[in-house]
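Chain by chain, the residues run as shown.
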Amino acid sequence: MKFDFGFFLESLPRIGEAAFTNIQLAIVIFALATLGGTGLTIARALKRSVLNGAIGILISFVRGTPLMIQIFLFFYALPALGVRLSPVHAGVLAIALNSAVFITEIMRGGLSGMDPGPIEAATALGLRAPQIWGLVVLPQLFRTILPMLVNEGTIIVKGTALLSIITVVEALRTAQQLGAANFRPFEPMVGAGLVFLAVNLVLAACAGVAERRYATARA
Amino acid sequence: MQKYLRRASLIAGAALFAFSAGHASAETTLERIKRTGTVVVGTEAAFPPFEFVEDGKIVGYGKDILDVVISELGVELEQLDLPWQGILPGLLAGQFDFVATTVAINEERAQRYAYTVPIADGAPYFVTRVGEQLATEDDLAGKMVGTQLASSTEPIARALDERLASEGEGFEELKLYTAFTDTYVAVANGEIDAAIQALPSLAVLVKERPDVFQLGGKIETGVEYTHLAWVTRPEDLDLRDFISSVIVEMRDDGRLAELQQKWFGFEMDIPTEGYLPPGAF
Amino acid sequence: MTLDPAVVLDSWPLFVAGTVVTLQVSAIAFVGGILLASAIVALSFSGGWIRVAIQVYLGVLRGVPFIVLLFLVHFGMPFAGIRMPAYFNGTLALTLYASAYYSEVLRATVLGLPRGQWESARAIGMSRSAATRHIIAPQMLRPALPPTVNSTITMIKESSVMSAITVGELTYQGLVVQGNTFAPFEVFIAVAGLYWLIAFVLSRVAVAVERAVATGQGASARRNAIGERYLALDARAG
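Residues numbered from 1 in each chain as written. Chains lettered and ligands numbered in written order. Predicted model: local features only at pLDDT ≥ 70, side-chain atom pairs only at ≥ 80, totals over all residues.

Section: the overall build of chain A
We count it as follows: Numbering of helices and strands starts at the N terminus; helices are DSSP runs of H or I of at least 4 residues and strands are runs of E of at least 2. Between the buried cut of 20 or more and the exposed cut of 12 or fewer other C-beta atoms within 10 Å of a residue's own C-beta lies the partly exposed class, and all C-beta atoms are placed from the backbone.
Broken down by element type, chain A carries 8 helices and 0 strands. The helix and strand sequence of chain A, counted from the amino end, reads α-α-α-α-α-α-α-α. The burial tally for chain A puts 49% of its 219 residues in the buried class.

What about the overall build of chain C?
Formally: Working definition of a contact: two residues with C-beta atoms, positioned from the backbone, lying within 7 Å.
For chain C, the count of helices and strands is 11 helices and 0 strands. Written out in order from the N terminus, the α and β elements of chain C read α-α-α-α-α-α-α-α-α-α-α. Seen through its C-alpha atoms, chain C measures out along the principal axes to roughly 65 × 60 × 30 Å. Buried positions account for 41% of the 238 residues belonging to chain C. Within chain C, counting contacts between residues at least 6 apart in sequence, those at least 24 apart form 77% of the total.

Remarks on the interface of chain B and chain C
Much of the literature gives interface size as the accessible area that the parts lose upon coming together. Taken together, the contact between chain B and chain C spans 13 residues of the former and 10 residues of the latter. Here the element with the most residues in the side of chain B that touches chain C is helix α4 (residues 84-92) of chain B; it accounts for 4 residues.

With respect to the sheet that holds strand β10 (residues 144-148) of chain B
The strands making up a sheet associate through backbone hydrogen bonding, with each pair oriented either parallel or antiparallel. All names here are of chain B. The line we're drawing: Paired strands, as defined in this entry, are two strands with at least two bridges between them according to DSSP. Fitting a line to C-alpha atoms yields each axis, with helices limited to the stretch in contact; the angle taken between N-to-C directions then spans 0 to 180 degrees.
The strand order across the open sheet formed by 5 strands is β11-β10-β12-β9-β13, and the pairing between neighbours is mixed. If you trace the sheet from one side to the other, it starts and ends with β11 (173-177) and β13 (213-218), each paired once. Across the sheet, the mean angle separating the axes of adjacent strands is 30° when strand polarity is ignored. Here strand β9 (residues 124-129) pairs with β13 via 4 bridges, running antiparallel. Within β13, the residue paired with Arg129 across the bridge is Phe213. Against the sheet, helix α7 (residues 180-189) engages β9, β10, β11, β12 (194-198) and β13, with an angle of about 150° to β12.

A few points about the sheet that holds strand β4 (residues 57-59) of chain B
Residues and elements named next belong to chain B. Strand order in this open sheet of 3 strands is β2-β3-β4, and the pairing throughout is antiparallel. Each of the sheet's edge strands pairs with one partner strand only, and the pair in question is β2 (46-47) and β4. Sheet topology note: the β2/strand β3 (residues 51-54) ladder contains 2 bridges and is antiparallel. When the bridges of β3 are listed, Ala46 appears paired with Phe52.

Side note on the interface of chain A and chain C
Selection criterion: Note that Gly is not counted as nonpolar here; it falls among the polar residues with everything else outside the nonpolar set of Ala, Val, Leu, Ile, Met, Phe, Trp, Tyr, Cys and Pro and the charged set of Asp, Glu, Lys and Arg.
Each side of the interface is counted separately: chain A has 51 residues, and chain C has 42 residues. Contributing elements (two or more residues each) for the side of chain A that touches chain C: α1 (5-45), α2 (49-64), α3 (67-77), α4 (87-112), α5 (117-124), α6 (129-160) and α8 (186-218) of chain A. A per-class count over the side of chain A that touches chain C returns 33 nonpolar, 11 polar and 7 charged.

Considering the pairing of β12(B)
On any regular strand, side chains alternate: one points to one face of the sheet, the next to the other face. Residues and elements named next belong to chain B. Of all 5 residues making up β12, 5 are buried, and the element is well covered by its neighbours. Across 2 bridges, β10 lies against β12 in parallel orientation. The partner of Gly146 across the bridge, within β12, is Ala195.

Section: the nonpolar core
Going by this rule: To define a nonpolar core, we join buried Ala, Val, Leu, Ile, Met, Phe, Trp, Tyr and Cys residues through C-beta atoms within 7 Å and take the resulting set.
The biggest cluster of nonpolar side chains holds 204 residues, and the ones touching the most others in it are A:Ile71, B:Val231, C:Ile67, C:Val68, C:Leu69, C:Leu70 and C:Phe188. It is α4(A) that contributes the most residues to this core, 13 residues altogether. For C:Val68, the contacting residues outside a window of four places in its chain are A:Ala161, A:Leu172, A:Met189, A:Ala192, A:Gly193 and A:Phe196.

In short, shape yes, function no, at least from these values alone.
Here it is, written out as structure tokens:
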């Protein structure tokens, strides 16, 4: 077999266009996951046994099962419980829940290395828990875990490719459709690979800029 | 602790109530469609030429029929493109109102779903690469054979494999793909030797790419019913009958034959009786 | 909604077969991935174009979703004149993917070694292989084990994607059962449970190893009650 360079070039623009779907999905998922992860983190710090038991089970489940199965559960299995979700909604929620769990674990790591000094000072000043979280703990925490959050972002971008399996028309599915229509699956797949690589490289570059900014802000 | 348990049981109770309330309404699906002015249908748009994606839109023989049905209903169409494996369970779970994607008739499905009148006749055949010496289903002994996961051809392929194995040698392996289009790619790539699929689809595939594909033989083992139709939930027989009436009308005034010429290049007989297993809805 | 356990129980041979294949491909990818990663890390300390080539290799493997890598290997092998079954292609893709993650673990471990170990070993007259075997490797084992187990769990989970190219692993068998029974809820709960069980057993191993290796941690031990309220999270991750 020979690589059809013409077909490869022909397929690139459509796959590149479809990658904007991945980017949009990833942004929504990242926002949901960060919110969810923060919520889980605060909930865990409340130290209520029933709540923590439930969160512990959730974390164990999400970390112990493949993202693909979680997507299947949201898409194929939830309707059996009366919850009807479109492929996009099911996929976004599945990946967001998955990432929220990983983000709360990242946050746990970040918290355990944090200096308790500012918190003691805030308590001494009479600030209450919500203010301490909002004004003291979280800002410091997000700065510390920023590189790992960006890493989670690239994992989310890669995760959006799995949504092709439940027919979300993003870069990978577009490549598959082009491949199936021409019986040449490889050339558009190379295109899909390059597109994901490019998105993640851009993300990594942004992360570098953001990190330097924060570093100077802290200095 | 007790407080939590009480709260949890309250929430569970409320959820249960909401769930049962949703099912207890007296309105039929057809009445709801007409009242709300929208219908949601499930389609697997990877089944050319019946339904597939071209330039980002769902097109095909089935889509042309669907457009007529929708205009007769006088409502807005919301067409979901879903993986095949989610179509039949999704209908029962209420994700959409009916299935407008080609569903082969077989006994097992007829017990759970209500079939419309057929839209096509689709005896299963197999397709191979150009130049392969595979003429009948018996030639598939020792070969790599593929078809779609959870399709009507999956049990047929298994039955053929079993028969061939009992007579000496079965398939080398049966490969199940999520979409039929993947099986064509696999044949073209040499990953499998033959793909089993309904004749109308294969006829078009071979006509479009005679340089790649060649029609093999008919699959006889395990095949009882050959027609292809759409399905509704069994409780929605009014909706099913409405769709059937539109299809029969299109058959009688020649529109269906026109569409068959357009998408397949040949015409098929569409029966109005005898196409279903006994005891079907 | 009623759960029908019979759906799962009746199909147990398929679930067992799928679990066996999942464990097989993961085991092969584990061994192959570690070997490849060792070579990658060893080479990455050399300079010039080898270093660049390795950076490109790792960058591609980390920047591309596994499912895309899987299809690239599966559809690309025939272009190299190599026709192999999906099982082979899938396992190869997982091995390559694993090599990128294991090499990250190994590299961090190597860089974490106290400086001068290698030079000292060589200075007292140990051969290269003896220094590696007796000095470097034992010291690497302890810190490298927990992250290696974590990466391995990630690889086992990624192997589910192989269902997309018809490798008969656990997820594929789940899809087959689902197709025959129209009971996605029961099937995917069962499949998820089996993956969870595999991960659980492996993570217990990781915990046991971590305990054996634990050497006390400074910062968190000095914490007082107020800091503890915010900085320590209760829910345990299994």
